Structures are given as C-alpha cells and as structure tokens.
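# An overview of the molecular structure
This is what each chain is made of:
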Amino acid sequence: MNALKGVWLSIAAYLILSIIKLCAGYLLGSEALLADGWNNASDIVASVAVLIGMRISLKPPDLNHPYGHSRAETVSSLFASFVMFAIGIQVLFHTATVLINGTVSSPPLTSAWVALLGMLVMGSVYLFNSRLAKKTGSHGLMAAAKDNLSDALVSLGAFVGIIGAQFNMHWLDPLTGFIVGLIICKTAYDIFKDSSLMLTDGFDKEKLNDIEATIQEIEGVETLVDIKARMAGNKIIVDAVVEVAPYLNIKEGHSITDEIEAQLEKEHDIRNAIIHVEPGKETI
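Throughout what follows, the structure given in this document is the object of discussion. Quantities reported herein were computed from a predicted structural model and do not represent experimental measurements.

Cut-offs and rules
Residues numbered from 1 in each chain as written. Predicted model: local features only at pLDDT ≥ 70, side-chain atom pairs only at ≥ 80, totals over all residues. Heavy atoms only, no water. Helix = DSSP H or I, 4+ residues; strand = E, 2+ residues; numbered from the N terminus. Buried < 20%, exposed > 50% of the residue type's maximum accessible area, 1.4 Å probe, protein only. Contact = heavy atoms within 4.5 Å. Pairing = 2+ DSSP bridges. Right-handed = clockwise from strand over helix to strand, strands pointing away. Salt bridge = Lys/Arg side-chain N within 4 Å of Asp/Glu carboxyl O. Expected span 1.5 Å × (residues − 1). Arc of directions from axis to C-beta. Polar contact = N/O pair within 3.5 Å; in protein donor to acceptor, adjacent residues only side chain to side chain. Core = buried A, V, L, I, M, F, W, Y, C linked by side-chain atoms within 4.5 Å.

## As for the environment of V45
In this fold, V45 is placed in helix α2 (residues 31-57). With a relative accessible area of 33%, V45 lands in the partly exposed category. Separated by 35 residues in the primary sequence, V45 and A80 place their C-alpha atoms 6.7 Å from one another. Ignoring sequence-local partners within four residues, the contact set of V45 consists of F79 and V83.

## What to know about the pairing of strand β3 (residues 272-279)
The side chains of a regular strand alternate, first on one face of the sheet and then on the other. Where strand β2 (residues 235-244) meets β3, eight bridges bridge the pair, whose relative direction is parallel. Residue pairing in the sheet places V238 in a bridge with A273 of β3. In this fold, the crossover linking β2 to β3 by way of helix α8 (residues 250-268) has right-handed handedness.

## Remarks on the pattern of salt bridges
A complete count under the given rule lists six salt bridges for this structure. We note a salt bridge from K186 to D190, for which the minimum N-O separation is 2.8 Å. Here K186 and its partner D190 are both found in helix α6 (residues 172-199), four residues apart, which amounts to about one turn of the helix. Accessibility expressed as a relative area gives 29% for D190, which makes it partly exposed. One salt bridge connects D269 with R271, and the closest N-O pair in it is separated by 2.6 Å.

## Overview of α8
In an α-helix there are 3.6 residues to a turn, and that puts residues three or four apart on one side. Helix length check: α8 (19 residues) gives 27 Å between terminal C-alpha atoms against 27 Å at 1.5 Å per residue, within 8%. Residues of α8 that are buried include every one of G253, I256, T257, I260, Q263 and L264, and no others. Relative to the axis of α8, the buried residues are bounded by an arc of 125 degrees and lie together on one face. Turned more than 90 degrees away from the buried face of α8 sit K251 and K266, all of them exposed. With a side-chain oxygen lying 3.1 Å from the backbone nitrogen of K251, the N-terminal cap of α8 falls on N249. Count one or two residues on from α8 and you reach D269, which has phi positive near 55 degrees.

## Notes on the nonpolar core
Ranked by internal contacts, the top residues of the largest apolar core, which has 22 residues, are I211, I215, I227, V238 and I260. For this core, the elements supplying multiple residues, two or more each, are α7 (205-216), β1 (223-232), β2, α8 and β3. The element best represented in this core is β2, accounting for five residues. Look past the residues within four positions of I227 in its chain and what remains in contact with it is L208, I211, E212, I215, V238, D239 and A240. If you look at the next biggest cluster of nonpolar residues, it comprises 12 residues, including A35, A49, A80 and V180.

## A short note on the pairing of β2
Taken across its 10 residues, β2 has seven buried, putting it largely inside the fold. Direction of pairing for β1 relative to β2: antiparallel, over a ladder of nine bridges. Bridging from a neighbouring strand, A232 pairs with K235 of β2. Between β1 and β2, which pair antiparallel in sequence order, lie two residues; one of them, G233, sits at a positive phi of approximately 70 degrees.

Below is the structure:
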C-alpha cells in the first residue's frame, strides 16, 4: 500500500502543475509552457490508470483469476501509453504549425519561472518516488518515478526555450514545444514497449541468465535442463526443470527444490517458482 502514496503524490503534483502551466501558457503566449502543461495533463490520466491497476492487482486470487490480478497494473500502463501518444501527437502538430507559419513567439520572463518551478517540483517528486519504489520493490512506482524525471527534464527544456526567446530567438520557444512533444511520444513508446513485452510473456534475457546461474550453483543440481520466466505485474514467475542424481529418493529431491526456491527468493525476490526434478544419467 505504501507504493500507492507515491502515485497519489504524482497525481496531485501533475494536477496542480498542469493547471498552472496551461493557464500561464495561454495568458503569456508560451508554446513551450503549453506543451509542458499538456504533458503534465497526460500524466494525470497515465497516473490514474496506474493507480487503478495497482489497486486491482492487490486483489487476492479468485475462481476466474487463480494466479491473482497482478497483470491489471500492466494493462493500465498500456492504456496510459495510448493516452500519452494522443496528447504527444497533438502537441507535435500544433507546435509544427507554429514553426512552419513562422509565428513570432516571445513570452514574458514570468513564464520561464513557471517552467522552472515545474522542474523543481517534479524533480523532488522523482526523488521521493524512486526511493519509495526501491524500498517497496514496486515496478509500477519505479516506472512512474522515471516518468517524473522525464517531466522534470521537459520543464527544464521549456525554461531554456523561453529564456532563449528573450534574446530574440523567437523560434526557440515553439521549437522547444516540439521537442517536448517528441519526449511525450518517446515516453509513451517506452511504456508501450515494456507493457507489451510483459503481456506477451517476454522476459529480460540478462535477468534470466542471472536466475540460471543461481540455480546451477545449488548443491545437488547436476543440470539445468530448461527454464522459463515471465512477469505478472511486479512478480516474477519461474518454471524450471533440473536433473539431480538418479539414486536420490523423493524426499532428497524435494529438499533440493526447496533450496532452489529459497535461493531464488533470497537473491532475486522470486516467490513464485515451479521446479520439476528429473533423474540425471547414471554413471558407471
């Protein structure tokens, strides 16, 4: 439940900043600040979707979901990526139109301080959420923290663009807005990529290699015949087949599987492992 506090903090920060930036962007005529505001607005939807997914994922297993509801968090992240894509494309189209038409944009210096405020706020939220994510082991909150960091960088870019406009580089403000649109789309793509990989039972190869090494080091394991891993929300599920000495009895073989499960939990925080034991080749 502690991880939910970080998501609520993100939603509150995004709501306040989006209102301030959108109002200031329209009143002060800053394309970069408007793009930054729309970015924060899209993050409200994304964060709410993640919040709903995290709450559903906490539900216990039932008749229709014997493995639990962990993937609800992943589905909500996928939905959030679509929303961010739509807003990112809208920002790109608008700022590209301003650049092509050559519209002069010279927002007052006040808008730069609004962007700087946004950078400081989101930077602070990122630090809080990243620490909380490491403490709770929440992958969903860590993804939200990375989004917080990208938002802080977006606000920094808006600040630079607005400052540049003060030195008669009027094209810099809408250009920065266009770059912000690209960042929104890139963040949406990264979320979409990670969510799609998890929903299609994809798994990081390097992490799988580390899990293999842990199993092979267990005393009594002669051969690791096969291993598969997948994600269910923030939980790792492992299926492995190992060969042990053929003369072992059932109790001895079971002790080896218990040791494998204990080491996987200790070293990789894996609490869902199905280990199948097969007899190895007899030596003459």
